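Notes for the structure review
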Amino acid sequence: MSPELVIVGILTSGIRLATPYLYAAIGEAFGQRSGVLNLGVDGQMLLGAFAAFYVTFTTGNLWLGLLAAVIVGALMGLAMAFVTVNLQAVQGISGIGFYLFGLGMSELLFKMLVGTVKTVSGFQPIAIPVLSKIPYIGQVFFEQSIMVYGAFLLVPIAWFVLNKTTLGLKIRAVGENPEAADSLGVSVARVRYFTVTLGGILSGVAGASMSISLLNLFQENMTSGLGFIAVALVYFGAWKAWGVLAGALLFSLINASQLWMKVLEVPINSELASTLPYILTIIVLAMSASRVRSPSALTKPFDRGD
Amino acid sequence: MTENKLPSGHTRIDSLEMRGITKRFPGVLANDKVDFDVRSGEVHALLGENGAGKSTLMKVLYGMYGPEEGDIFLNGKKITIDSPTDSINHGIGMIHQHFMLVETLTVAENVALGLPSSRGFLTDLDKVSERILELADIYGLKIDPDAYIWQLSVGQQQRVEIIKALYRGAALLILDEPTAVLTPQEVDEFFVIMRQMVADGHGLIFISHKLHEIMDICDRVTVLRDGAKIGTKTIADITKSELANWMVGREVIMTRELDDVERGKPRLSLENISCDSDRGTPALRSVSLDVHAGEILGLAGISGNGQRELAESITGLREVTNGKVILEGEDVTNFRPGDVTERMLSYVPEERMKDGMIKDFSISENMVLREHHISPFAEKGFLMLKTIAEHTDDMIQKFRVKTPSRETKAGSLSGGNIQKVVLAREISRNPRVLLAAQPTRGLDVGATEYVHAQLLEQRKNGTAIMMVSEDLDEVMALSDRIAVICEGEIMGIVPRNEATPQKLGLMMAGVVPEEEETRTTSFTL
Ligand SMILES: Nc1ncnc2c1ncn2[C@@H]1O[C@H](COP(=O)(O)OP(=O)(O)OP(=O)(O)O)[C@@H](O)[C@H]1O
Ligand SMILES: [Mg+2]
């Protein structure tokens, strides 16, 4: 294969693979900006992935599948919000609880309802007229599925919502100084319910992007920890939408290169190569830890003291 | 414009009445069947010792705490206030003792927070900024709407709080120790604003520990003690010392003589130090000062002129870009904070809530924060809990910290009592050098008296004390010499007997005194 083709190949799959990272990490960023750390992303993704797959599998309708993922994600988000806002649980621990719930539940449902790995016909690439004809670039950026476009569109939308809207202002204030926000009549609980539920929905969609767009199947633990990397990406991206995008691309490109190395039979230990993204997570987090300041109220339950 | 409208267009509140308010916290009866009322066009003072329950009563009114008992009446009609939104909607605004500002947001964003925007779900920060500048202009509150809160000094942050309330067009304004952070000039300016608001028909509730302010600006005063109301009096019917004695319940010493103490060698010397502000602009420009054993050097200046940066440069919290910090002959420039304080330098920071203690730690944990790792509080790596407990109880008693127990979280103490905990910790280790920023800010008359006595006691023991204060009365009462700082430069150092409020006020405004010798002599001494 010519080097150009390999590079185009890596970039194309890199962009595709960034999709679940983006949905999940942008959703997580909203939660964290408002002060809630949700470690249950991976579990929410798995349930979303299963819901999308199963509904698509039984009805043949991709949009219904996506809707199912949205609903399941929203329910998981609401539950997480209830536990963190109303019950004021320790966020790290309850998040892991949600992860384990999603992991186990999706596996159970899969075994009960489907049994063996089956495939569905997922969202197909849509070539954007004119743009997709640009040599190389066209194939990389403008011949992807709707879920991929959606993920990339989400980045400027998230940036806009966080920085240019009254809602975004409330989210940022609640994550930094909930007492101050509260004293101005901003409902800390409402804001956190919103962001955590939104995070759940986007995690569900992230899962759906895997099961009905990228891989078009469901498998037990098919995310293999991707949701945790998404949480890490939020730190890496310094809680900013564009930072999250940069992180997601970095990871997906490394993943894509690693996959392509297997395809091209580059003589490198493939197990070692597949640990690359995880090793990178650790390095990147260690480096970014001292660089930026997290939202001051992150992981802190809010209680007015009465 | 109808009769009962304010210039801001909001409806006037003719009268507001709280009846039989009771509020309990675990182990504390913070408000005990308190009655309180305020009318349009008056300033009603709320006075009481630290922990008497003033802030709590006001937080009940503002909807932040739900009281166990009691009712609130607005213009004679009973209303329910369950949240700040309710009180804002009723036209009540509050400036909190501890600022309610989001540090990472700009001034305009803080003001706009929680308000509907003229552009729907999009923020309208340009419009907000315009209105801020308008208000700032009317009331003489200089502020940059685009500045981030973390870049502002305490005094400037106060202005943001005032603007925040004015912006919301509050008809009734609760001012919880608004003047604690202002200089005398700023207080005068602030009173002009208050008088204007009162003339416009606003009702104001004013909390302050400074009796002369209450005498100056208020119409009536209500005194609380241990959560209960002692009484309400008309200011015209009472004198300042009567007020002090009524509040504390005993005679209070208001002025004090300095003992003759022999001044020793310089213990802390700053040699031409410079440093940058958080914004990266120069904050200190070649500052040189000596603080000698057995003296109190007062550092006067308007807030935000480099005082915080100076203290942080000395304690290693801020990078010194040029010059030297010499502690007892040793160059400690840019040492780590722990290494500086280990050399028996004590530091009472200006922002006690943020820099002085850990809110979620108990009083005893906060009390040994500095020396928890060394004898007698720790032996061979183990905390000596009994010693710590005894020491804490001792300090609580000596400094009269009002708390249910030593295990109470420091963050739940009243403002003045938090300050007492920090002071107790820093003073009780008998430091060689004591750096105290605004040591009596927010303290009641009795506690101020006690802290002043403690500072003078330290001076007698030969401690070198640098006291940063915006309170000229305090500076002039306690300092042997007074250095005045303006825009990061020392304008001059005035010996105690030559200091007058006029002279210091001019220097604080950046006017260098004519007799240059004062400056040179203080260097050679
Ligand atoms: N959130 C809280 N939780 C527990 N106790 C509290 C809380 N807020 C206040 N208290 C207690 O209630 C009492 C009254 O406190 P409050 O803050 O009203 O005093 P204050 O009169 O405003 O004092 P200061 O002049 O020092 O500000 C104090 O004993 C304080 O420790
Ligand atoms: Mg108070």
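Keep in mind that what you see is a predicted model, and the values were worked out from it rather than measured.

Each value, and the rule that gives it
Residues numbered from 1 in each chain as written. Chains lettered and ligands numbered in written order. Predicted model: local features only at pLDDT ≥ 70, side-chain atom pairs only at ≥ 80, totals over all residues. Heavy atoms only, no water. Helix = DSSP H or I, 4+ residues; strand = E, 2+ residues; numbered from the N terminus. Rg over C-alpha atoms; globule rule 2.2 N^0.38 Å. Buried < 20%, exposed > 50% of the residue type's maximum accessible area, 1.4 Å probe, protein only. Contact = heavy atoms within 4.5 Å. Areas by Shrake-Rupley, 256 points an atom, 1.4 Å probe, with all protein chains shown as cover. Lys, Arg positive; Asp, Glu negative; His and termini not counted. Charge placed at Lys NZ, Arg CZ, Asp CG, Glu CD. 1 Å grid on protein atoms, 1.4 Å probe; cavity = no way out; pocket = protein on both sides within 12 Å on 5 of 7 lines; lining within 4 Å. Points joined across faces, edges and corners; volume = space filled by probe spheres on them. Nonpolar A, V, L, I, M, F, W, Y, C, P; charged D, E, K, R; others polar. Buried area = accessible area lost by both parts, 1.4 Å probe. Salt bridge = Lys/Arg side-chain N within 4 Å of Asp/Glu carboxyl O. Polar contact = N/O pair within 3.5 Å; in protein donor to acceptor, adjacent residues only side chain to side chain. Axes fitted to C-alpha atoms, helices over the stretch in contact; angles between N-to-C directions. Parallel < 35°, antiparallel > 145°, perpendicular 65-115°, else oblique. Left-handed = near helix turned anticlockwise from the far one by under 90°. Core = buried A, V, L, I, M, F, W, Y, C linked by side-chain atoms within 4.5 Å. Pairing = 2+ DSSP bridges. Expected span 1.5 Å × (residues − 1). Patch = residues over 30% accessible without salt bridge, like charges linked within 9 Å, V, L, I, M, F, W, Y side chains within 5 Å. Near = heavy atom within 4 Å. Phe/Tyr/Trp six-rings, centres within 6.5 Å; stacked < 30°, edge-to-face > 60°. Lys NZ or Arg CZ within 6 Å of the ring centre and 35° of its normal. Domains from an automatic or database assignment.

Counting its regular elements, chain A contains 13 helices and two strands. The C-alpha radius of gyration computed for chain A amounts to 19 Å, which stays within 12% of the reference 19 Å derived for 306 residues, consistent with globular compactness. Expressed along its principal axes, the backbone C-alpha trace of chain A runs to roughly 70 × 45 × 40 Å. For chain A, the residues scored as buried account for 54% of the 306 residues in total. Considering only residue pairs separated by 6 or more positions, chain A has 77% of its internal contacts joining residues 24 or more positions apart. Per element, the accessible surface of chain A, about 12900 Å² overall, is 70% carbon and sulfur. Computed over 16 positive and 13 negative side-chain charges, the separation of the two mean positions in chain A equals 8 Å.

With that out of the way, let us pick up empty space enclosed by the protein. As enumerated under the stated definition, the model contains four cavities of 30 Å³ or more in all. Per-class residue counts for the lining of the largest cavity are eight nonpolar, five polar and three charged.

What follows concerns the interface of chain B and chain A. Residue-level contacts link 31 residues of chain B with 22 residues of chain A. Summed over both sides, the interface of chain B with chain A buries roughly 2100 Å², with 64% coming from carbon and sulfur. Between chain B and chain A we count one salt bridge in total. Where E109(B) meets R172(A), a salt bridge forms, and the shortest distance between an N and an O atom there is 3.1 Å. Counting across the chain B and chain A interface gives six residue pairs in polar contact (both at pLDDT 80 or more). When residues of the side of chain B that touches chain A are traced back to their parent elements, those giving at least two are β1 (15-25), α2 (84-89) and α3 (107-112) of chain B. Its residues placed into classes, the side of chain B that touches chain A shows 15 nonpolar, 11 polar and five charged.

Side chains that differ in sign of charge can pair as their charged atoms come close. Residue and element names in this part refer to chain B. Tallying each qualifying case throughout the model produces 34 salt bridges over all chains. Among the salt bridges present, the one from K402 reaches D226, with a minimum N-O distance of 3.7 Å. You can see K402 sitting in the loop between α13 (385-398) and α14 (415-428) and its partner D226 sitting in the loop between β9 (220-225) and β10 (228-234), a full 176 residues away along the chain. Take K402: its relative accessible area is 35%, and that puts it in the partly exposed class. Taking the relative accessible area as the measure of exposure, D226 reaches 51% and is therefore exposed. Here R406 and E407 are joined by a salt bridge, their closest N and O atoms 3.8 Å apart. You can call R406 partly exposed: its relative accessible area is 28%.

Residues and elements named next belong to chain A. The contact between helix α2 (residues 41-59) and helix α10 (residues 226-236) brings their axes to 7 Å, and the two run at 130 degrees. By the angle class used here, α2 and α10 are oblique. Pair α2 / α10 crosses with right-handed handedness. In this structure, α2 contributes V41, D42 and M45 to the contact, and α10 contributes L226, G227, F228 and V231. Tallied by class, residues from the contact of α2 with α10 come to five nonpolar, one polar and one charged.

All names here are of chain B. With 156 residues, the main nonpolar core has L16, M18, M58 and L61 as its most contacted residues. Not counting residues within four places of it along the chain, the set of residues in contact with M18 comprises V34, D35, F36, L57, M58, V60, L61, D71 and I72. One finds L345, Y347, L435 and I485 within the second-largest nonpolar core, a separate group that totals 31 residues.

Now for the sheet that holds strand β20 (residues 464-469) of chain B. All names here are of chain B. What the six strands build is an open sheet, ordered β16-β19-β20-β13-β21-β22; its pairing is mixed. Every interior strand has two partners, whereas the edge strands, β16 (345-348) and β22 (489-495), have only one. For this sheet, the mean angle separating the axes of adjacent strands, direction not counted, is 15 degrees. Pairing between strand β19 (residues 433-437) and β20: five bridges, direction parallel. In the sheet register, L434 faces β20, and the bridge partner there is I465. Taken strand by strand, helix α9 (residues 307-315) contacts β13 (296-300), β16, β19, β20 and β21 (481-486), and its axis lies near 150 degrees from that of β16. Across the sheet, helix α15 (residues 445-460) lies against β13, β19 and β20, angled at about 150 degrees from β20, the strand it touches most.

Residue and element names in this part refer to chain A. In a regular helix each residue adds 1.5 Å, so 23 residues correspond to 33 Å; helix α4 (residues 91-113) covers 32 Å between its end C-alpha atoms and thus fits that length. Listed as buried for α4 are Q91, S94, G95, F98, Y99, G102, L103, S106 and F110. Residues of α4 that are buried make contact with α2, α3 (62-86) and α10. With its phi angle positive at about 95 degrees, G115 sits one or two positions after the end of α4.

Moving on: the layout of surface pockets. Residues and elements named next belong to chain B. Its volume calculated, the second largest pocket comes out at about 1100 Å³. Along its surface, the second largest pocket is lined by 47 residues, and S153, Q156, S303, G304 and N305 are the ones closest to its centre. Taken together, the elements giving at least two residues each to the lining of the second largest pocket come down to α5 (154-167), α6 (184-199), β12 (282-292) and α9. Among the elements that take part in the lining of the second largest pocket, α5 stands out by supplying six residues, more than any other. Considered class by class, the residues forming the lining of the second largest pocket number 16 nonpolar, 17 polar and 14 charged.

Turning our attention to the sheet that holds β12(B). All names here are of chain B. Reading across from one edge, β12-β11-β14-β15 is the order of the four strands in this open sheet, with antiparallel pairing throughout. The sheet is open, and its two borders are formed by β12 and β15 (330-331), each paired with just one other strand. Pairing of strand β14 (residues 320-327) with β15 involves two bridges; the strand directions are antiparallel. Within β15, the position partnered with L327 by the bridge is E330. Contacts from α9 reach β11 (266-276), β12 and β14, with the element oriented near 115 degrees to β11.

To continue, consider a nonpolar patch on the surface. On the surface, a cluster of nonpolar side chains totalling about 440 Å² of accessible area is made up of L64(A), L67(A), I71(A), L75(A) and L78(A). Examined against the element boundaries, L67(A) turns out to sit in helix α3.

Taken together, 21 residues lie around ligand 1, and G51(B), S55(B), T56(B), S414(B) and G416(B) are the ones closest in. Residues near ligand 1 are shared among chains A and B, making this a multi-chain site. Here an oxygen atom of ligand 1 sits 2.9 Å away from a polar atom, N or O, in the side chain of N50(B). H209(B) has a polar side-chain atom sitting 2.9 Å from an oxygen atom of ligand 1. Considering ligand 1 on its own, with 640 Å² of exposed area, one finds that the protein chains cover 90% of that surface. Across the shell around ligand 1, the residue classes tally to six nonpolar, 12 polar and three charged.

Turning our attention to the packing of aromatic side chains. Taken as a whole and assessed by the stated rule, the structure comprises 14 aromatic pairs over all chains. Aromatic side chains F50(A) and F218(A) sit 5.2 Å apart centroid to centroid with 80 degrees between the ring planes, which places their arrangement in the edge-to-face category. Placement of the pair is F50(A) in helix α2 and F218(A) in the loop between α9 (188-214) and α10, with a sequence separation of 168 residues. Clustering of aromatic rings is evident, with ring pairs tying together F50(A), F53(A), Y54(A), F57(A), F110(A) and F218(A). We note R19(B) situated over the ring of F73(B); from NZ or CZ to the ring centre the distance is 3.9 Å.

Here we take up the domain arrangement of chain B. All names here are of chain B. Here the domain parsing of chain B yields domain 1 (15-99 + 171-248), domain 2 (255-344 + 430-525) and domain 3 (358-429). Taken together, the contact pairs nine residues of domain 1 with eight residues of domain 3. Summed over both sides, the interface of domain 1 with domain 3 buries roughly 580 Å², with 51% coming from carbon and sulfur. The interface formed by domain 1 and domain 3 holds two residue pairs in polar contact (both at pLDDT 80 or more) in total.

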